[in-house]
Amino acid sequence: MMSEQMTLDSPASTSVLAIGLMSGTSQDGVDVALIDTDGERIAQFGATACRPYTAAERTLLRRATAAAANLTERTARPDLVAEAERLINDAHAEAVQAFLAANDLKPGIVAAVGFHGQTLLHRPERGLTMQIGDGKALAARLGIPVVYDFRAADVAAGGQGAPLAPVFHRALVRRLGRTPPVAVLNLGGVANVTYIDGDDLIACDTGPGNALLDDFLRLRTGRPLDTDGRTAAAGKADATMIAHLLAHPFFAKPPPKSLDRNDFRGFIGDTLNGIGVEDGAATLTALTAAAVAHVVPHLPRPPASWIVAGGGARNPTLMRMLAERLKPAQIESAHAVGWSIDSLEAQAFAYLAVRSLRGLPISFPGTTGAPRPLTGGVLAKP
């Protein structure tokens, strides 16, 4: 087994099959997706799947995230973090093996697996980002080359290390032929946006996505999320509180910028202390929408349309609030344009794996603040 810089023997124009894996900041499971791509164009989308985490596994990941908060070395693996890394590897291996079996695919036809791992800590201002997951061990277990550790090279060069999906979003939008500018909004645990107007990309994290709302409901009710936005729909958002939250310096910064999942978690215990469950859910949902709208003045011109993916796209209350904040722009879900709401990031890491194999850039000055377009990732061969 070895890790090395990426090379691929086939010509750059050759389209290959790649599997992408994503375990996001919502910590709800492992998304799996197959695509056919040459790292520039997307020839075809394949099957998708999800391996959900059990309640016990999610608890371990939350505890490991808390344990990682004060680490100063990305290679540090204290007991809880080491245990979580073993879980991540086992869950991802199980997810890929089940996916291959369900779709009657042989490992040998897959050029690479794009393995994002699980982000436990993201502090680019300190030159630090930690995604747990042993790519070498996963490659050995699957018998397929694995590209992993996608963010480290960008952070080491002074970039934010996130978001990394924008170059994939550009490839998707080109297939649509949509009138520019177009914004692609991903509503995961943290929300991020890609602004597409020609070849140049602008991207950033906009603020909390689903993480604050999920954590708030877990603390107050024991429920893991606001199903269909029903709790928020029953409450009233506190406009004064939202204005107070938006006064945080992060929201005044122009792109590129990025967040750690827990950057705003203190809002739950401090600012929202004493608020009712329904009103708290409404306020946090409105905060996500308001934070997205807060980015628009920092863009060259307002997007004509927004395409929304991630778990938040399934929340009709959040989608309604976004439409109100972003009008007159058109707001639609990824599903409405033929994309996958849930698997878009997994597809992105399949695409990024092929770009990495071919030495193509995956991050850019306008998306992460990198000094120049940079490739990234480490290749582990079985």
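Only a predicted model underlies this, so the values are computations on that prediction, with no experimental measurement involved.

*Asks:* Describe the nonpolar core, and please don't skip the residues or the numbers.
*Replies:* If you look at the biggest cluster of nonpolar residues, it comprises 87 residues, and the most contacted ones within it are Phe150, Leu185, Trp306, Leu322 and Trp339. The element that contributes the greatest number of residues to this core is helix 10 (residues 277-295), accounting for 12 residues. Every residue in contact with Phe150, bar those within four places of it in the chain, is listed here: Gly114, Phe115, His116, Leu164, Phe349, Leu352, Ala353, Ser356, Ile362, Gly376 and Gly377. Counting residues in each nonpolar core, the second largest holds 37 residues, with Tyr53, Ile88, Leu120 and Ala139 among its members.

*Asks:* Account for the pattern of salt bridges, naming residues and giving values.
*Replies:* Under the definition given, this model contains 16 salt bridges. A salt bridge links Asp199 to Arg174; its shortest N-O distance comes to 2.5 Å. Separated by 25 residues along the polypeptide, Asp199 in the loop between strand 9 (190-196) and strand 10 (201-208) and Arg174 in helix 5 (residues 166-176) bring together distant segments of the chain. Residue Arg174 is classed as exposed on the basis of its relative accessible area, which comes to 51%. With a shortest N-O distance of 2.9 Å, Arg218 and Asp215 are connected by a salt bridge. Of this pair, Arg218 and Asp215 both sit in helix 6 (residues 211-221), three residues apart, roughly one helical turn. Take Arg218 and Asp215: they sit in the same class, and that class is buried. Shared partners join several salt bridges into a network, and the residues in it are Asp215, Arg218, Arg261 and Arg265.

*Asks:* Before we move on, could you go through the pairing of strand 4 (residues 42-52) and cite the residues and values that matter?
*Replies:* Pairing geometry for strand 3 (residues 29-37) and strand 4, over eight bridges, is antiparallel. Residue pairing for strand 4: Thr37 is matched across the bridge by Ile42. Between the end of strand 3 and the start of strand 4, which pair antiparallel, lie four residues, with Gly39 showing a positive phi angle near 90 degrees.

*Asks:* Tell me what's going on with the packing of aromatic side chains, and back it up with residues and numbers.
*Replies:* On inspection of all chains with the given rule, the structure shows five aromatic pairs. Plain terms: the ring middles of Phe150 and Phe349 are 5.1 Å apart, the flat faces sit at 75 degrees to each other, and that makes the pair edge-to-face. Taken together, the residues span a long stretch of sequence, with Phe150 in the loop between strand 7 (146-148) and helix 4 (152-156) and Phe349 in helix 12 (residues 344-357) at a distance of 199 residues. Plain terms: the ring middles of Phe250 and Phe251 are 5.5 Å apart, the flat faces sit at 85 degrees to each other, and that makes the pair edge-to-face. Within the aromatic cluster, the residues linked to one another by ring pairs are Phe250, Phe251 and Phe264. When the ring centre of Phe364 is taken as reference, the NZ or CZ atom of Arg170 above it lies at 6.0 Å.

*Asks:* Could you give an account of the environment of Thr119, naming the residues involved and the relevant values?
*Replies:* You can see Thr119 is positioned in strand 5 (residues 112-123). Relative accessible area serves as the criterion here: at 15%, Thr119 is assigned to the buried category. Put simply, Thr119 and Ala95 are 24 residues apart on the chain and 18 Å apart in space, counted from C-alpha to C-alpha. Here Thr119 is in contact with Met130, Gln131 and Arg151, once residues within four sequence places are set aside.

*Asks:* Quick one: what's the story with the environment of Gly274, residue by residue and with numbers?
*Replies:* Position of Gly274 among the secondary structure elements: in the loop between helix 9 (266-269) and helix 10. Considered as a pair, Gly274 and Val308 are 34 residues apart in the sequence and their alpha carbons are 32 Å apart.

*Asks:* Residues and numbers for helix 2 (residues 79-102), please.
*Replies:* Taking 1.5 Å per residue as the helical rise, helix 2 with its 24 residues ought to reach 34 Å, and the 34 Å between its terminal C-alpha atoms agrees with that figure. At the C-terminal side of helix 2, Asp104 shows a positive phi close to 50 degrees.

*Asks:* Describe the pairing of strand 12 (residues 330-333), and please don't skip the residues or the numbers.
*Replies:* Bridging between strand 11 (residues 305-309) and strand 12 involves four bridges; their strand directions are parallel. Across the sheet, residue Ser305 finds its bridge partner in strand 12, namely Gln330. After leaving strand 11, the chain enters helix 11 (residues 316-326) and then returns to the sheet as strand 12, a path that is right-handed.

*Asks:* Pulling in residues and values, what's your account of the sheet that holds strand 10?
*Replies:* Two pairing modes exist for strands in a sheet, parallel and antiparallel, and in both the strands are linked by backbone hydrogen bonds. What the five strands build is an open sheet, ordered 10-9-8-11-12; its pairing is mixed. The open sheet has two edge strands, strand 10 and strand 12, and neither has a second partner. Ignoring which end each strand starts from, the neighbouring axes of this sheet average 20 degrees apart. Where strand 8 (residues 182-187) lies against strand 11, five bridges are found, and the strand directions are parallel. Bridge pairing links Val182 to Ser305 in strand 11. Contacts from helix 11 reach strand 8, strand 11 and strand 12, with the element oriented near 160 degrees to strand 12.

*Asks:* Any details on helix 10? Residues and values, ideally.
*Replies:* Its 19 residues place the ends of helix 10 28 Å apart at the C-alpha level, agreeing with the 27 Å of an ideal helix rising 1.5 Å per residue. Burial analysis of helix 10 places 16 of its 19 residues in the buried class, which makes it a mostly covered element.

*Asks:* So what about the packing of helix 10 against helix 11? Which residues, and what values?
*Replies:* The interhelical angle for the contact between helix 10 and helix 11, taken along N-to-C directions, is 40 degrees, at an axis separation of 9 Å. In terms of orientation, helix 10 lies oblique with respect to helix 11. Here helix 10 and helix 11 pass one another in a crossing that is right-handed. Contacts between helix 10 and helix 11 involve Ala282, Thr285, Ala286, Thr288, Ala289, Ala290, Val292 and Ala293 from the first element and Thr317, Leu318, Met321, Leu322, Arg325 and Leu326 from the second. For the contact of helix 10 with helix 11, the per-class residue count stands at 10 nonpolar, three polar and one charged.

Rules behind the numbers
Residues numbered from 1 in each chain as written. Predicted model: local features only at pLDDT ≥ 70, side-chain atom pairs only at ≥ 80, totals over all residues. Heavy atoms only, no water. Core = buried A, V, L, I, M, F, W, Y, C linked by side-chain atoms within 4.5 Å. Buried < 20%, exposed > 50% of the residue type's maximum accessible area, 1.4 Å probe, protein only. Helix = DSSP H or I, 4+ residues; strand = E, 2+ residues; numbered from the N terminus. Contact = heavy atoms within 4.5 Å. Salt bridge = Lys/Arg side-chain N within 4 Å of Asp/Glu carboxyl O. Pairing = 2+ DSSP bridges. Phe/Tyr/Trp six-rings, centres within 6.5 Å; stacked < 30°, edge-to-face > 60°. Lys NZ or Arg CZ within 6 Å of the ring centre and 35° of its normal. Expected span 1.5 Å × (residues − 1). Right-handed = clockwise from strand over helix to strand, strands pointing away. Axes fitted to C-alpha atoms, helices over the stretch in contact; angles between N-to-C directions. Parallel < 35°, antiparallel > 145°, perpendicular 65-115°, else oblique. Left-handed = near helix turned anticlockwise from the far one by under 90°. Nonpolar A, V, L, I, M, F, W, Y, C, P; charged D, E, K, R; others polar.

Interpretation note: all reported values are geometric properties and have no functional meaning in isolation.
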